[in-house]
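Survey of secondary and tertiary structure
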Amino acid sequence: MEPVLTLLTPADYVTTQWAGGTTTQLAIAPAGAVYAERSFLWRVSSATVELEESAFTALPGYRRLISTVRGDMTLSHNDGAEVTLHPGDVHAFDGGDETRSRGRCTDFNLMLRKGAAEGDMRALRFGVGHGVFVTGARADTALLHCVSGRCTVRCGEAVCGVSAGETLRVENARETALTFDAAEDTAFMAAQIWAQ
């Protein structure tokens, strides 16, 4: 099956308040799933953390991957050792852990239902000119969220312009070569998801 590209803009996102700021849902599966009902297979979101110290909502039954896109965050799970994340660093943990954070930042999250979905997350950076990213051999879906800059993304005959705040969604994503033509320094967070 050929890859299918869809550009998601802020008009497609769902933003809600939480105790420490706002969280913006960029994508969720299956379509129509509701985060609050814990009925989803996977979810990609970005949240602002406006408190110096905050507690994460417990998500038993889910595996989480988190990074920051602006600012640093220090996490501890179940009162254990602390880990500090700088922009682009990725940290995986059990969603059921009692997790606390320190530091004001904007984060990027991938949530995966255990036993049903698996995935990975990484930071991508492109200077002015061309760059290439090839999705994984198992990736069903890839979401590339543009953190800063702007570029043109090509995949076969498909061409899509992506700017800061927008997300490129790629379905049928296995081993898909995406070519980036960046007009300026451009940063993405890339999440890839596949059925387990």
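Residues numbered from 1 in each chain as written. Predicted model: local features only at pLDDT ≥ 70, side-chain atom pairs only at ≥ 80, totals over all residues. Heavy atoms only, no water.

Looking only at helices and strands, the chain features 0 helices and 19 strands. Computed over the C-alpha atoms, the radius of gyration of the chain is 16 Å, within 12% of the 16 Å expected from 2.2 N^0.38 for a compact globule of 196 residues. With the C-alpha coordinates of the chain rotated into their principal frame, the extents come out at 50 × 35 × 30 Å. The buried share of the chain, reckoned over its 196 residues, is 47%. Taking as baseline every contact in the chain between residues at least 6 positions apart, the subset at least 24 positions apart corresponds to 72%. Of the accessible surface of the chain, which amounts to about 9,100 Å², a share of 49% is contributed by carbon and sulfur atoms. Positive and negative charge centroids in the chain, built from 17 and 24 side chains respectively, lie 2 Å apart. (Helix = DSSP H or I, 4+ residues; strand = E, 2+ residues; numbered from the N terminus. Rg over C-alpha atoms; globule rule 2.2 N^0.38 Å. Buried < 20%, exposed > 50% of the residue type's maximum accessible area, 1.4 Å probe, protein only. Contact = heavy atoms within 4.5 Å. Areas by Shrake-Rupley, 256 points an atom, 1.4 Å probe, with all protein chains shown as cover. Lys, Arg positive; Asp, Glu negative; His and termini not counted. Charge placed at Lys NZ, Arg CZ, Asp CG, Glu CD.)

Here we take up the environment of Ala116. Structurally, Ala116 can be placed in the loop between strand 11 (105–113) and strand 12 (117–126). Note: C-alpha distance between Ala116 and Ala137 (21 residues apart in sequence) is 18 Å. Setting aside chain neighbours within four positions, we find Ala116 in contact with Leu41, Trp194, Ala195 and Gln196.

The strand order 1-17-14-19-12 describes an open sheet built from 5 strands, whose pairing is antiparallel. Bordering the open sheet on either side are strand 1 (4–8) and strand 12, each of which pairs with just one other strand. Along the sheet, successive strands turn relative to each other by an average axial angle of 20°, direction set aside. Here 5 bridges tie strand 14 (residues 141–148) to strand 17 (residues 167–171), and the two strands are oriented antiparallel to one another. If you follow His145 over to strand 17, its bridge partner there is Thr167. (Pairing = 2+ DSSP bridges. Axes fitted to C-alpha atoms, helices over the stretch in contact; angles between N-to-C directions.)

This paragraph deals with unusual backbone geometry. Omega for the bond connecting Ala29 with Pro30 falls within 30 degrees of zero, at -5°, which places this linkage in the cis form. Mapped onto the elements of the fold, Pro30 is located in the loop between strand 3 (21–29) and strand 4 (42–49). Positive phi values are uncommon outside glycine, yet Asn172 reaches one of about 55°. Backbone geometry at Glu175 places phi at a positive 45°, although glycine is not the residue there.

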